[in-house]
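Fold and contact review
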Amino acid sequence: MAYIPGQPLTAVVEKIEIQKLRQGDNLILGFSIGGGIDQDPAQNPFSQDKSDKGIYVTRVSPGGPAEQACLREGDKILQVNGWDMTVVTHDQARKRLTKKSECVVRLLVTRKSLEDAVKHAMYDHPK
Amino acid sequence: MNQVTLIIKIHLRNSFLYAKICRDHHKSRSKDSRSEKSVTINTPPAEPLLGDSAVRSEQLQDDNWGETTTAVTGTSEHSLSQEDIVRITKDLEDSVGLNCRRYFTLTLAVILGLLVFLTPLAFLVLPHLLWPEKLQSCGTACEGLFISVAFKLLILLLAVWALFFRPPRAGLPRVFVFRALLAVLVLLFVVSYWLFYGVRILDTQDDNYQGIVQYAVSLVDALLFIHYLAIVLLELRQLQPCFSVCVTRSTDGETRHYNLGQLSIQRAALAILEHYYCDFPVHNPALLSASKSRAAKHLAGLKVYNVDGMAHSQSRAMIAAAARRRDTSHNELYYEEAEHERRVRKRRARLVVAVEEAFTHIKRMQEEEQKKAPGDVMDPREAAQAIFPSMARALQKYLRTTKQQHCHSMESIQQHLAFCITNNMTPKAFLESYLTPGPTLQYSRDHWLARQWTLISEASVTSGLKDGTIFLLKCVDFSLVVISKKIPYIQMSEEYIDPKSHKFVLRLQSETSV
C-alpha cells in the first residue's frame, strides 16, 4: 500500500456500498475519516507506511450504515463514487463523502487482511 | 595567671571524666541482663539501648554546654584557657618581629620616595648654586619646561600617594616580589641618572641650562612611566581571572569557590582570607561535638582487654559484637537528628511569634506627636530594653538549641534590637541574624579570633599559582584547605541565525465524522 508518487498504485480492494441514513436534517454514513495530504501522516495509527497520506477510516459507529456494509476501522478509502481519494485534502474528502445530492456512496477500500488473504491464496495454490 | 588557668582547666576536665564514668556505670548496671546474651566484654561499653539514647543525648548536651567548652573550643564565658594564653604570647612575640619589619620597609620606602622627588629638583638647582656665572640664561622654552616639570612632579606625587600610601592590610610571610623589583628598578634608574649627571654635567660644568632642564624633564617622564609599570604589575595583572580556587574548611567542610588572577601564593592566600571573612559562616565548635562523641564511642568500643589469653575466640566475639554495635549507631543518629530538627523548629516557631508580638508594642512617634506628648518618650536604646524581656527567654532557648549561645551576648542582642528599631526593620529582619549563622564579620570582635594565620605550602610562597597547587591556611581552631585549578582555554565559535529563518508548519491530525 506504499504509494510512490508518479507510479501506479496496485491494491486489492473491496467494494462497499453504503446507504446514507437520514437523521434529522443530515445524511450520515456512520464513520469517521482521518488523513489527507494536508495532514501529518506520522500520527496515523492505521497506516502501514507512515508517509502514507491517504484517507483512513478511524472509527465506525456501532450499528450505523457503515458497519452494516462491512466497513472496518483502519480501512483505507481509495475511491468514493469514482472520485479518487488517495491524493486529496481532508476537507475535499469530507466533501466528497457528504454530498447532499447523493444517497448512496460506493467506496473502494483496501486493508492489509485483503492483501494477506490474496497472498495466502496464491501461496497455497501455486500455479 | 598561667598556673591559675591551668588548674581550672584540669578541674573541669576531671568533672567531665567523672560524669562520663558515672554514666558508664549506669549503663553497665542497667544492661547486665543483656550482656549475658552477647559474648564478651569487660570493656566499658558505649552500647546504647534505643530507649536510653534520649537520656544519654540529654546528658551529653548538658556536659557540652557548661563544662567542656574549655576542652573543645578553648574559650568559655568566664575562664581564659590555655589556648588563649598561647595565642596571646605568640601574638606578642610575632608582633614585635612584624613591627620591626614593617618599620624597616616603611623607612626604606620613605627614603626612596624622597630620593625620587628631590632628584629632579636637585638637577635643576645645582647648576645655579655651583657655577651661576657660566650658566646661560633661561629662555622661554626653558621656562616652559619648568612648568612641565612642576606639573609632572605634582601628578607623580598624587599617583604615588594613591598607589602606595594606603594602610597596609596584612603582613605577608615573604617579601612582596613585584614591589621589591620595582624599588630596585627605581633605585637603579635614579642612580644611573645621577651618575650621568655627575660625570657629564657636574664635572664638566656644562653651561647649556636648557639641556639640563630637558634632562630633568626626561627623568620625570621616565619616573611616570615606571609608575605606569607599577600599576600594571601590582594592580592590573591579577584582575583577569585565571584560576578557580576551591576553599574548604577542615572542621565542617564548608566550601566556596573563587576566581583569582595570576597571583603569588601568599597574595592569593590574602585574597582568600578576605573572602573568608565575608562568605563563610562563622566557625561554631559546639556543632562538632556530636560527631566527636560518636567517634569517641567507636574508639571506646574497640578496646580489647585480653584477660584470659584466649585470643581467637575473644577477637572473633569482639568483631561480632563490634559489627552488631555498628548496626545500631546509624539508627541512633537518624532518630537523634530527626528529634533535634523537630525541637529546633518548635523553638523557632515560638521565637518568631514572641518577637513579632514584642515588636507590636513599639510604635515610632512622628515629629508632630513628639511635640505634643513629651510624656513617655524613649530613645531606641530604652525602647529596646523595654521590649527585650518579652522575647529574651524564647531567644535564649532557641540559641541554646542551635548551639549559638556563645556567639551572642545580651548586650549585643540589645544593641542589635535598638539598631533594628531605629531603622524601621521588621521582626523578620531582626531575627535573620539569629536564625542562620552569618559570616564571621557579623559577630563581635572577639569572634574574629584568628588574626594570626599560618600559610603552609609545599611550593615557595612567592611562586605563582599553578594548576593543582594545594596549600593550607591554618589558624588555631581550624584550617582552610585551598586547591587551585586553571580555568580552561575557552574556544568560542559563532553561529549566525537569520531572523527570517524562523518558520513553522502546522502538523494537523483531524478526524471528521461523516
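Rules used throughout
Residues numbered from 1 in each chain as written. Chains lettered and ligands numbered in written order. Predicted model: local features only at pLDDT ≥ 70, side-chain atom pairs only at ≥ 80, totals over all residues. Heavy atoms only, no water. Helix = DSSP H or I, 4+ residues; strand = E, 2+ residues; numbered from the N terminus. Buried < 20%, exposed > 50% of the residue type's maximum accessible area, 1.4 Å probe, protein only. Contact = heavy atoms within 4.5 Å. Areas by Shrake-Rupley, 256 points an atom, 1.4 Å probe, with all protein chains shown as cover. Buried area = accessible area lost by both parts, 1.4 Å probe. Pairing = 2+ DSSP bridges. Axes fitted to C-alpha atoms, helices over the stretch in contact; angles between N-to-C directions. Parallel < 35°, antiparallel > 145°, perpendicular 65-115°, else oblique. Left-handed = near helix turned anticlockwise from the far one by under 90°. Nonpolar A, V, L, I, M, F, W, Y, C, P; charged D, E, K, R; others polar. Phe/Tyr/Trp six-rings, centres within 6.5 Å; stacked < 30°, edge-to-face > 60°. Lys NZ or Arg CZ within 6 Å of the ring centre and 35° of its normal. Disulfide = S-S within 2.5 Å. UniProt positions renumbered as here; feature names shortened; annotations may be inferred. Patch = residues over 30% accessible without salt bridge, like charges linked within 9 Å, V, L, I, M, F, W, Y side chains within 5 Å. Salt bridge = Lys/Arg side-chain N within 4 Å of Asp/Glu carboxyl O.

**A look at the overall build of chain B**
Counting its secondary structure elements, chain B contains 15 helices and six strands. Put simply, chain B has 514 residues, and 31% of those count as buried. Contacts in chain B between residues at least 24 apart in sequence constitute 74% of all its contacts with a sequence separation of at least 6. Split by element, the accessible area of chain B, about 33100 Å² in all, is 61% carbon and sulfur.

**A look at the overall build of chain A**
Within chain A, the secondary structure is distributed over three helices and eight strands. Out of the 127 residues in chain A, the part that is buried amounts to 39%. Across chain A, contacts joining residues at least 24 apart in sequence account for 64% of those joining residues at least 6 apart. Carbon and sulfur atoms make up 54% of the accessible area of chain A, which totals about 7400 Å².

**Concerning the interface of chain B and chain A**
In this assembly, eight residues from chain B lie in contact with 19 residues from chain A. Buried surface at the junction of chain B and chain A, both sides included, amounts to about 1100 Å², of which 45% is carbon and sulfur. Looking at the side of chain B facing chain A, the largest losses of area belong to Gln509(B), Thr512(B) and Val514(B), adding up to 55% of the total buried there. The pairing of strand β4 (residues 31-35) of chain A with strand β6 (residues 511-513) of chain B spans three bridges and is antiparallel. The partner of Gly34(A) across the bridge, within β6(B), is Glu511(B).

**A closer look at the packing of helix α14 (residues 410-422) of chain B against helix α15 (residues 427-435) of chain B**
The relative placement of two packed helices is expressed as an angle between their axes plus a distance between the axes. Residue and element names in this part refer to chain B. Two numbers describe how α14 lies on α15: the axes approach to 9 Å, and their chain directions differ by 150°. Regarding the angle of α14 to α15, the classification is roughly antiparallel. Where α14 crosses over α15, the two elements pack in a sense that is right-handed. Residues Ser412, Ile413, His416, Leu417 and Cys420 of α14 pack against Phe430, Ser433 and Tyr434 of α15. The residue inventory of the contact of α14 with α15, partitioned by class, reads five nonpolar, three polar and no charged.

**A word on the packing of aromatic side chains**
Residues and elements named next belong to chain B. Across all of its chains, the model carries 18 aromatic pairs over all chains by this definition. Plain terms: the ring middles of Phe123 and Trp194 are 4.9 Å apart, the flat faces sit at 80° to each other, and that makes the pair edge-to-face. With a gap of 71 residues between them, Phe123 in helix α5 (residues 82-130) and Trp194 in helix α7 (residues 177-202) connect regions that are remote in the sequence. An aromatic cluster is present here, built from Phe123, Phe189, Tyr193, Trp194, Phe196, Tyr197 and Tyr215 joined pairwise through their rings. If you follow Arg249 out to its NZ or CZ, it ends over the ring of Phe478, 5.7 Å from the centre.

**Quick notes on the side chain of Ser479(B)**
Residue and element names in this part refer to chain B. Within the secondary structure layout, Ser479 lies in strand β5 (residues 479-486). What makes Ser479 buried here is its relative accessible area of 10%. Ser479 has contacts with Thr248, Arg249, Ser250, Leu472, Leu473 and Lys474, leaving out every residue within four places of it along the chain.

**A closer look at the state of the cysteines**
All names here are of chain B. For the structure shown, the criterion picks out one disulfide over all chains. Covalent S-S linkage joins Cys138 and Cys142, the inter-sulfur distance amounting to 2.1 Å. Here Cys138 and Cys142 share a disulfide; its torsion about the S-S bond, -85°, makes the bridge left-handed. Classification of Cys142 by relative accessible area gives buried; the value is 1%.

**Looking at the UniProt feature "transmembrane region" (unreviewed entry) in chain B**
Using the residue numbers shown here, the UniProt feature "transmembrane region" (unreviewed entry) corresponds to residues 103-125, 145-164, 176-197 and 212-234 of chain B. Span residues 176-197 of chain B is 95% helix and 0% strand, its end C-alpha atoms 32 Å apart.

**A closer look at a nonpolar patch on the surface**
The grouping of Ile147(B), Phe151(B), Leu154(B), Leu157(B), Leu158(B), Trp161(B), Phe164(B) and Phe165(B) at the surface amounts to a nonpolar patch, some 870 Å² of accessible area in total. Looking at the element boundaries, Leu154(B) is found in helix α6 (residues 140-164).

**Describing the pattern of salt bridges**
All chains considered together, the criterion is met by 15 salt bridges over all chains. Here Asp116(A) ties to Lys112(A) by a salt bridge, and the two come within 3.2 Å at their closest N and O atoms. Of the two residues, Asp116(A) and Lys112(A) are both situated in helix α3 (residues 112-124); the distance of four residues between them amounts to about one turn of the helix. Of the residues examined, Lys112(A) reaches a relative accessible area of 38% and is grouped as partly exposed. Two residues, Asp221(B) and Lys152(B), come together in a salt bridge whose shortest N-O distance is 2.6 Å. With Asp221(B) in helix α8 (residues 209-236) and Lys152(B) in helix α6, this residue pair connects regions lying 69 residues apart in the sequence. The exposure class of Asp221(B) is partly exposed, given its relative accessible area of 25%.

**Side note on unusual backbone geometry**
Residue and element names in this part refer to chain A. Positive phi, normally seen in glycine, also occurs at Cys70, with a value near 70°. Residue position: Cys70 is located in the loop between α1 (65-68) and β6 (76-80). By relative accessible area, Cys70 is classed as partly exposed at 37%. For Asn81, which is not glycine, the phi torsion reads 55° and is therefore positive. Relative accessible area serves as the criterion here: at 26%, Asn81 is assigned to the partly exposed category.

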